[in-house]
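Coordinate analysis (summary)
Chain residues, written in single-letter form:
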Amino acid sequence: MEDDRQMDLALWRYGIISPLLHRDANDLQLREMLTVVSESRYIHPYDGRYLTISAEAIRKWLYRFNHGGLKALCDKKRSDKGTHDVPAFIADKMVELRIAHP
């Protein structure tokens, strides 16, 4: 299920960067096309909201695709996720402070 969502996201990102990948000599320069693509509005595949995407994010997706293909456009799980625990005495103190200062 999660893999399907990741692949949907990768395909959505590919659809956004595809005009940059399939340019010919008569098209705008990459920098100009990147500006045009970043000024467009897109519908997010998960929640249907409209959004714009920064040129920097699109540039990163383009780089990731060129160096790793479609799979590289999927989000990666953080390598440090779930490896850090807050000690109990610190968690207790945080709860006390939150109660004292809502």
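Going by the structure above, here's the rest.
The structure reproduced in this document is the subject of the present report. (Residues numbered from 1 in each chain as written. Predicted model: local features only at pLDDT ≥ 70, side-chain atom pairs only at ≥ 80, totals over all residues. Heavy atoms only, no water.)

**Overview of the nonpolar core**
Quick reminder of the rule: Each nonpolar core is a collection of buried residues, namely Ala, Val, Leu, Ile, Met, Phe, Trp, Tyr and Cys, held together in the definition by side-chain atoms within 4.5 Å. Partly exposed describes any residue whose relative accessible area lies between the buried limit of under 20% and the exposed limit of over 50%, with all areas from a 1.4 Å probe on protein chains only and scaled to the type maximum. What makes two residues a contact is simply this: any of their non-hydrogen atoms within 4.5 Å.
Core analysis: the biggest nonpolar cluster contains 17 residues, and Trp 12, Ile 16, Leu 20, Ile 53, Ile 58 and Trp 61 have the highest contact counts within it. Discounting chain neighbours no more than four positions away, the residues touching Ile 53 are Trp 12, Ile 16, Ser 38, Tyr 42, Ile 58 and Trp 61.

**Description of helix α2 (residues 30–39)**
Short version of the rule: Runs of E in the DSSP output that reach at least two residues are strands. Runs of H or I that reach at least four are helices, and both are numbered from the N terminus. For this quantity, the arc is that covered by the directions from the helix axis to the C-beta atoms.
Along α2, the residues that are buried comprise Met 33, Leu 34, Val 37 and Ser 38. Along the axis of α2, the buried positions cluster into a sector of 135°, meaning they face one direction only. In this structure, α2 carries Arg 31 and Glu 39 as exposed residues pointing more than 90 degrees from its buried face.

**What about the environment of Phe 89?**
For Phe 89, the position within the fold is in helix α4 (residues 88–100). For the pair Phe 89 and Ala 55, spaced 34 residues apart in sequence, the C-alpha to C-alpha distance is 44 Å.

**Re the packing of aromatic side chains**
Each aromatic ring pair is summarised here by two numbers: the centre-to-centre distance and the angle between the ring planes. Note the following rule: Under the pairing criterion, centres of Phe, Tyr and Trp rings, with the six-membered ring standing for Trp, must be within 6.5 Å; the plane angle then separates stacked pairs below 30 degrees from edge-to-face pairs above 60, leaving the rest tilted. We call a charge positioned above a ring when the Lys NZ or Arg CZ atom is no farther than 6 Å from the ring centre and deviates by at most 35 degrees from the ring normal.
Counted by the stated rule, this structure contains two aromatic pairs. Over the aromatic face of Tyr 46 sits the side chain of Arg 5, whose NZ or CZ is 3.8 Å from the ring centroid.

**A look at the side chain of Ser 38**
Relative to the elements of secondary structure, Ser 38 occurs in helix α2. If sequence neighbours within four positions are ignored, Ser 38 has contacts with Thr 52, Ile 53, Ser 54, Ala 55 and Ile 58.

**Topic: the packing of α2 against helix α3 (residues 55–68)**
Stated formally: Here, axes are lines fitted to C-alpha atoms. For helices the fit covers the stretch in contact, and angles between N-to-C directions go from 0 to 180 degrees. In this scheme the crossing of two helices becomes right-handed for a clockwise turn of the near helix relative to the far one and left-handed for an anticlockwise turn of less than a right angle. Gly counts as polar in this scheme, as do all residues outside two lists: the nonpolar Ala, Val, Leu, Ile, Met, Phe, Trp, Tyr, Cys and Pro, and the charged Asp, Glu, Lys and Arg.
At a minimum axis separation of 9 Å, α2 and α3 run at an interaxial angle of 120°. The handedness of the crossing between α2 and α3 is right-handed. Contacts between α2 and α3 involve Leu 30, Leu 34, Val 37 and Ser 38 from the first element and Ala 55, Ile 58, Arg 59 and Leu 62 from the second. Across the contact of α2 with α3, the residue classes break down as six nonpolar, one polar and one charged.

**Structural notes on the environment of Tyr 46**
Rules: Definition of a polar contact: a pair of N or O atoms within 3.5 Å, with one able to donate and the other able to accept a hydrogen when the atoms are protein atoms, and with sequence-neighbouring residues admitted only if both atoms are side-chain atoms.
Here Tyr 46 lies in the loop between β1 (42–43) and β2 (50–51). Exposure remark for Tyr 46: the relative accessible area of 33% places this residue in the partly exposed category. For Tyr 46 and Arg 5, which are 41 residues apart along the polypeptide, the C-alpha to C-alpha distance reads 8.2 Å. Ignoring any residue separated from it by four or fewer positions in sequence, one finds Tyr 46 in contact with Arg 5, Gln 6 and Leu 9. A polar atom in the side chain of Tyr 46 sits 2.7 Å from the backbone oxygen of Arg 5.

**Some words on a nonpolar patch on the surface**
Basically, it comes down to this: Here a patch means residues that are over 30% exposed by relative accessible area and free of salt bridges, tied together within 9 Å if like-charged and within 5 Å if nonpolar (Val, Leu, Ile, Met, Phe, Trp, Tyr). Computed by Shrake-Rupley with a 1.4 Å probe, the accessible areas treat only the displayed protein chains as cover when residues are assessed. Salt bridge, as applied in this entry: a Lys or Arg side-chain nitrogen positioned within 4 Å of an Asp or Glu carboxyl oxygen.
A contiguous nonpolar surface patch, about 420 Å² in accessible area, is contributed by Val 86, Phe 89, Ile 90 and Met 94. On the accessibility criterion, Phe 89 (62% relative accessible area) is exposed.

**A look at the pattern of salt bridges**
Within this structure, the stated rule accounts for four salt bridges. Its salt-bridge partner being Asp 75, residue Arg 13 comes within 3.0 Å of it at the nearest N-O pair. Taken together, the residues Arg 13 in helix α1 (residues 2–21) and Asp 75 in the loop between α3 and α4 connect sequence positions 62 residues apart. You can call Arg 13 buried: its relative accessible area is 9%.

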